[in-house]
Amino acid sequence: MMCTKRVLCVVLSVIFLLAMVSVNSFAADSSNVLFNEMLERAETIVNYEWIPTQDIDVWNENPYNGKMYFPAGEIVKGMPYTLFSWEYGFDSLLSFEQFKKKVNINYSTTAYCSSMSAMRTGPVYGSCCATFVSEVLGGSFMNEGNPRYDNCGGIENSKYGTTFYNVKMEDLEPGDALINTTRGHIVWVGAVDENTVTIYEQTPPVARKVVVPKTSVTSEGYMYYGGKPYNIVTKSNELLGSYDDQYDRSDKYPVPIKAYTINTGKTIVYDSINGNAKANKIYDTDLCTITKLYENGWCYVQFPLDAGGTDSGFVSTSVFFDFDVDGFKAHSVSRITTYSRESLGITTGYIGDNDEVFVITETNNAWQVLYPLSNGGYKLGWIAREEAESLKVVSDYMLGDINGDGVVNNKDLTRLMKYLAGEDVVVNEAALDINGDGTVNNKDLTRLMKYLAGESVEIY
């Protein structure tokens, strides 16, 4: 009887293990379908052969087969590199299919490339590192067949991928988009084995495949390539099955957003949305970067560490601003100093003349605003209330949208009441004359009240 039980246990164990292998194999195969599609796109681009109809300068004198140009009539292997994305009235950064249609067109040029702050030569048409990677990732990264992003930050902050920071060499996986610490270059990881990492990249003069030894690491364990450490990884949500599958992303405000916490003290960071596991903490002196906003009021944030470097995790967006408040757009008519908190104690920058901003919160002492940075992205800050006259509400909203949030509701009624009472509130001046008689008075208030009550009245 004992022997029979043992045999039965062994049989059941074998069946269980086979079932697990079957399940795991199915999961792996499901993932491999998506990955193999990416790998095929990468291989196709780096191995594509085309023939120039005339000599074409390589990008910034990076030689191809010892020459500073692609020779007319000779086969070139790999889609060419270019960065003339801002120089023309059309997009020179192309998808692979678009480039194939341009191959027989003469497109050699010498031009000033403002993105590099110097004279550069190169093909008009091609792709840069970010357009190449977004092409390889494919699927949701595509935008009607056009290139999606012309910088690393575009992919890092895309709603189609989830970005992780301080990723060590040992944690790299096939399918990862890997960015260096200066955000100057992005590559795609095609394979990882015991000793090497295979990367695909668009770099001058053409797209290529490179094998990097795992011994090429920094003291922190990051991959070291091309003179820089790489530790920022964006994983495609199609492969990752990430939080975007569970929680809707919000486009209420543009990201990335640099911000300090609203309150002083420490803020706990979690390893997942609505999570219980504490991942780390943010101090009130930390300038953080919000890279993702979610409809449920959480955000994904990057923050500095005491020992150097950065970490990332999830916090409630209310840590930085009131996500539920409907902010409105305005533009500045003069330079305005910004502060880290409502107390207006520490200056953190300024809003430039004629910058478009989002006014998020109004208090008796200050306004919280989201304003653009000259090098890209946005920053949260506070301005003194007396600076209100330096902001004008953007006037491209409908009549009756008094607070400029894009809808007409009771909030506009309240704002109009305060305005007519002489209170110091910001209004969309173009939306005030609701009855269209050329003046703003209680008749407009009455008309708005009737409109919101569902009566048959018009707002002009």
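Reading the values: rules and limits
- Residues numbered from 1 in each chain as written.
- Predicted model: local features only at pLDDT ≥ 70, side-chain atom pairs only at ≥ 80, totals over all residues.
- Heavy atoms only, no water.
- Helix = DSSP H or I, 4+ residues; strand = E, 2+ residues; numbered from the N terminus.
- Buried < 20%, exposed > 50% of the residue type's maximum accessible area, 1.4 Å probe, protein only.
- Contact = heavy atoms within 4.5 Å.
- Areas by Shrake-Rupley, 256 points an atom, 1.4 Å probe, with all protein chains shown as cover.
- Salt bridge = Lys/Arg side-chain N within 4 Å of Asp/Glu carboxyl O.
- Core = buried A, V, L, I, M, F, W, Y, C linked by side-chain atoms within 4.5 Å.
- Arc of directions from axis to C-beta.
- Polar contact = N/O pair within 3.5 Å; in protein donor to acceptor, adjacent residues only side chain to side chain.

**Q** Just checking my understanding: could you explain the overall build of the chain for this structure?
**A** Along the chain, the regular secondary structure elements total seven helices and 26 strands. The burial tally for the chain puts 45% of its 460 residues in the buried class. Contacts in the chain between residues at least 24 apart in sequence constitute 58% of all its contacts with a sequence separation of at least 6. Just so you have it, the chain exposes about 22,500 Å², and 50% of that area is on carbon and sulfur atoms.

**Q** Looking at this model, I keep getting lost on the pattern of salt bridges. Mind explaining?
**A** It is possible for side chains bearing opposite charge to pair when their charged atoms get close. Inspection of the entire model under this criterion finds 11 salt bridges. The partner of K411 in a salt bridge is D326, with the nearest N and O atoms 3.0 Å apart. With a gap of 85 residues between them, K411 in helix α6 (residues 410-420) and D326 in the loop between β19 (310-316) and β20 (328-332) connect regions that are remote in the sequence. Judged by its relative accessible area of 41%, K411 falls in the partly exposed class. Residue D326 is classed as partly exposed on the basis of its relative accessible area of 33%. For K329, the salt bridge is made with E356, and the minimal N-O distance between the two is 3.8 Å. One end of the pair, K329, is in strand β20; the other, E356, is in strand β23 (residues 356-362), with 27 residues separating them in the sequence. Within the structure, one salt-bridge network assembled from shared partners comprises E173, D176 and K235.

**Q** Even after reading the chapter, I still don't get the environment of V187, so can you show me in this structure?
**A** If you trace the backbone, V187 turns up in strand β9 (residues 186-192). Taking the relative accessible area as the measure of exposure, V187 reaches 0% and is therefore buried. In sequence terms V187 and K209 are 22 residues apart; their C-alpha atoms lie 9.9 Å from each other. Look past the residues within four positions of V187 in its chain and what remains in contact with it is V133, D176, A177, L178, I199, Y200 and E201.

**Q** I'm lost on helix α3 (residues 129-137) in this one. Help?
**A** For an α-helix, the turn length of 3.6 residues means that residues three or four places apart are oriented alike. Of all the nine residues making up α3, nine are buried; the element is thus mostly covered by neighbouring parts of the structure. Within α3, the full set of buried residues consists of C129, A130, T131, F132, V133, S134, E135, V136 and L137. One or two residues past the end of α3 sits G138, with phi positive at roughly 60°.

**Q** Which parts of the structure should I look at to understand the nonpolar core?
**A** As a rule of thumb, soluble globular proteins bury nonpolar side chains together. Counting 48 residues, the largest nonpolar core has W50, F70, F132, V133, I186 and W188 as the members making the most contacts within it. Elements supplying a minimum of two residues to this core: α1 (2-47), α2 (96-102), α3, α4 (152-156), β8 (176-180), β9 and β18 (298-304). Among the elements that make up this core, the one with the highest residue count is α3 (six residues). With 20 residues, the next largest nonpolar core counts V269, I282, V315 and V319 among its residues.

**Q** What should I look at first to understand the environment of K258 in this one?
**A** In this fold, K258 is placed in strand β14 (residues 257-259). Among the residues examined, K258 registers a relative accessible area of 32% and is labelled partly exposed. Sequence separation of K258 and T291 is 33 residues, and the distance between their C-alpha atoms is 8.9 Å. Setting aside chain neighbours within four positions, we find K258 in contact with L287, C288, T289, L373, Y378, K379 and L380.

**Q** What is the right way to read α6 from this model?
**A** Within α6, burial applies to D412, L413, R415 and L416. Looking down the long axis of α6, one finds its buried residues gathered within 165° of arc, a one-sided arrangement. Packed against the buried residues of α6 are β20, β23 and α7 (442-452). Its side-chain oxygen at 3.0 Å from the backbone nitrogen of K411, N409 defines the N-terminal cap of α6. Looking at the residues trailing α6, positive phi occurs at G422, about 90°.

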